[in-house]
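# Topology and contacts: notes
What follows is the residue order along each chain.
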Amino acid sequence: MEGSKHKHPPYIAIFVALTILTVGELFVAFLPWGRTTLIVILLFLAVWKALMVALYFMHLRFEKSPVRILAAAPLPLTVIVVIAVMTEFRW
Amino acid sequence: MANATMMGPPAETQPATGVYNGKVGMWIFLGSEVMFFTALIGSYIILRFAHPEQWATPGQALNIPVTAVNTFLLICSSVTMVKAFAAIQDGDQKGLRMWLVATVLIGATFVSVQVYEYVHLAHLGLLPSGYREGSDLANAAASGVAWKAGPALPAAVGLYGTTFYTMTGFHGFHVTMGVLCMAFVTWKAFNGKYTVADHRGVEVIGLYWHFVDLVWIILFTIVYLM
């Protein structure tokens, strides 16, 4: 039995967005701005891209909450580790 | 749009999560991978904050244009992967095979470009241990001249080399394993093992593959552009 046509997430639109954001990152990386400003913008763009991959390509946007909780479970650790190591030198 | 029949085959699902074991297992595995790469990135941040003088300016030693193309390739392979998954959801066996083959080829190309980059970097003079004696980079660093329209190169780059090769090396290893597993799934696809009713293998390898792409999105920004 051939499968009925599903309505799929907008994969190509996501692909175009990821490509544009990657080009944007390359542009931002060499702007003559302050280092901290550049780092914040670059991290924002990277996290944005990563979220799009997770939500649309890994389908977390359409998953049930137990799977979303499972997927998000390690993220607090990531935030804790990054903040902890950064505060090692800043404060 | 988000219902069980669309997102998952009607395989035996677990009451607690509503999804099949393979998917739960993969998400738990990816959770451990998040911790693994968090540890690497955390170490990178500590070392870089502690010894900023050992880091070259973006683009001075690492080849950003080549790596940007490689990043684009990995994004493309994520698209071919979801197209493969979408194809089998619709019962399109031919589409499944075509997109899986494309994913394997693009993934293998990514790894090849990374090997080329390593060889080129070693030739230029950046090794995991730092400068290769007598290399262009070593000579330029010793003479203190500006390098590639940037400031002078750092006097020592031991930490720079170590963190670069460790992080991108582990990611490259993950991509290589992904390509091998994808080849296996592709072989099963050519043997008609996946159907509209059951295509768990495609979905699970897809989750892993997208995760590898997601990690590279972060690594490319941190290692090459900052």
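Our subject is the structure listed above.
Below: a short report on this structure. Note that the coordinates shown come from a computational prediction; the quantities given were computed from them, not determined experimentally.

## Some remarks on the overall build of chain B
Helix and strand counts for chain B stand at seven helices and two strands. Secondary structure elements of chain B, listed N to C terminal, follow the sequence α-α-α-α-β-β-α-α-α. Dimensions along the principal axes, computed over C-alpha positions, put chain B at roughly 65 × 35 × 25 Å. Long-range contacts, defined as pairs at least 24 residues apart, comprise 78% of the intrachain contacts of chain B with a sequence gap of at least 6. Accessible surface, chain B as shown: approximately 8,900 Å² in total, 70% of it carbon and sulfur. Of the charged side chains in chain B, 10 are positive and 11 negative, and the gap between their average positions amounts to 8 Å.

## Things to note about helix H1 (residues 11-29) of chain A
With 19 residues, H1 of chain A ought to run about 27 Å at 1.5 Å a step, and its terminal C-alpha atoms sit 27 Å apart, in line with that. Taken together, the buried positions of H1 of chain A are occupied by Tyr11, Ile14, Phe15, Leu18, Thr19, Leu21, Thr22, Glu25, Val28 and Ala29 of chain A. Buried residues in H1 of chain A make contact with helix H2 (35-57) of chain A together with helix H3 (64-89) and helix H7 (200-224) of chain B.

## Some remarks on the interface of chain A and chain B
Quite often, the size of an interface is put as the accessible area lost when its parts meet. Taken together, the contact pairs 50 residues of chain A with 55 residues of chain B. Across the chain A/chain B interface, buried area totals approximately 4,600 Å², and carbon plus sulfur atoms make up 79% of it. In this structure, the connection of chain A to chain B is made through one salt bridge. For the salt bridge of Glu63 of chain A with Lys23 of chain B, the shortest nitrogen-to-oxygen distance reads 2.4 Å. At the junction of chain A with chain B, the criterion picks out six residue pairs in polar contact (both at pLDDT 80 or more). Counting only elements with at least two residues in the side of chain A that touches chain B, the list comes to H1, H2, helix H3 (65-72) and helix H4 (75-90) of chain A. When residues of the side of chain A that touches chain B are assigned to their parent elements, the largest contribution, 11 residues, is made by H2 of chain A. Partitioning the side of chain A that touches chain B into residue classes produces 33 nonpolar, eight polar and nine charged.

Parameters at a glance
- Residues numbered from 1 in each chain as written.
- Chains lettered and ligands numbered in written order.
- Predicted model: local features only at pLDDT ≥ 70, side-chain atom pairs only at ≥ 80, totals over all residues.
- Heavy atoms only, no water.
- Helix = DSSP H or I, 4+ residues; strand = E, 2+ residues; numbered from the N terminus.
- Contact = heavy atoms within 4.5 Å.
- Areas by Shrake-Rupley, 256 points an atom, 1.4 Å probe, with all protein chains shown as cover.
- Lys, Arg positive; Asp, Glu negative; His and termini not counted.
- Charge placed at Lys NZ, Arg CZ, Asp CG, Glu CD.
- Expected span 1.5 Å × (residues − 1).
- Buried < 20%, exposed > 50% of the residue type's maximum accessible area, 1.4 Å probe, protein only.
- Buried area = accessible area lost by both parts, 1.4 Å probe.
- Salt bridge = Lys/Arg side-chain N within 4 Å of Asp/Glu carboxyl O.
- Polar contact = N/O pair within 3.5 Å; in protein donor to acceptor, adjacent residues only side chain to side chain.
- Nonpolar A, V, L, I, M, F, W, Y, C, P; charged D, E, K, R; others polar.

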